[in-house]
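# Coordinate inspection notes
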Amino acid sequence: MPHWMLKCTECKTVWELNVAYNLREYRRLYHYCPRCGRNTFHDILEYVD
Ligand SMILES: [Zn+2]
């Protein structure tokens, strides 16, 4: 399943976001972090398909 690898800038956790849409134009994404339990900024590491 294609996914993006995101890294939370708060807790440094790397996790998979299971969406196929293109995030390449973004350098950072404001998204809910499962570990922080709130919305944080994430570095977009890579796309895995
Ligand atoms: Zn986090």
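Just so it is clear, the structure is predicted and the values come from calculations on it, not from any experiment.

Pairing between side chains becomes possible if they bear opposite charge and their charged atoms approach one another. For the structure on display, the rule yields 2 salt bridges. Between glutamate 10 and arginine 38 there is a salt bridge, with its nearest N and O atoms 3.5 Å apart. Of the two residues, glutamate 10 is situated in the loop between strand S1 (3-8) and strand S2 (14-17) and arginine 38 in strand S4 (residues 38-48); the sequence distance between them amounts to 28 residues.

Next up on the list: the nonpolar core. Judged by nonpolar contacts, Trp4, Leu6, Trp15, Leu17, Val19, Leu23, Leu29 and Ile44 together constitute the single largest core of 8 residues. Where this core is concerned, the elements lending two or more residues are S1 and S2. With sequence-adjacent residues up to four places away left out, leucine 17 is seen in contact with His3, Trp4, Leu6, Leu23, Leu29 and His31.

Bringing the coordination of the zinc ion into the picture now. For a metal with four tetrahedral donors the ideal donor-metal-donor angle is 109.5 degrees, whereas six octahedral donors ideally subtend 90 or 180 degrees. The coordination sphere of the zinc ion contains the protein donors Cys8 (SG), Cys11 (SG), Cys33 (SG) and Cys36 (SG), at a distance range of 2.2 to 2.3 Å. Around the zinc ion, the 4 donor atoms are arranged such that angles at the metal cover 104 to 112°; this shape is classified as tetrahedral. Along the chain, the residues donating to the zinc ion fall in the pattern C-x2-C-x21-C-x2-C. With cysteine 11 in the loop between S1 and S2 and cysteine 33 in strand S3 (residues 28-33), this residue pair connects regions lying 22 residues apart in the sequence. Judged by its relative accessible area of 21%, cysteine 11 is partly exposed. The buried category is assigned to cysteine 33, whose relative accessible area is 0%.

About the thresholds
- Residues numbered from 1 in each chain as written.
- Predicted model: local features only at pLDDT ≥ 70, side-chain atom pairs only at ≥ 80, totals over all residues.
- Heavy atoms only, no water.
- Salt bridge = Lys/Arg side-chain N within 4 Å of Asp/Glu carboxyl O.
- Helix = DSSP H or I, 4+ residues; strand = E, 2+ residues; numbered from the N terminus.
- Core = buried A, V, L, I, M, F, W, Y, C linked by side-chain atoms within 4.5 Å.
- Buried < 20%, exposed > 50% of the residue type's maximum accessible area, 1.4 Å probe, protein only.
- Contact = heavy atoms within 4.5 Å.
- Donors = N, O, S within 2.8 Å, 3.2 Å for Na, K, Ca; no water.
- Tetrahedral: all angles 85-135°; square planar, octahedral: opposite > 155°, others 65-115°.

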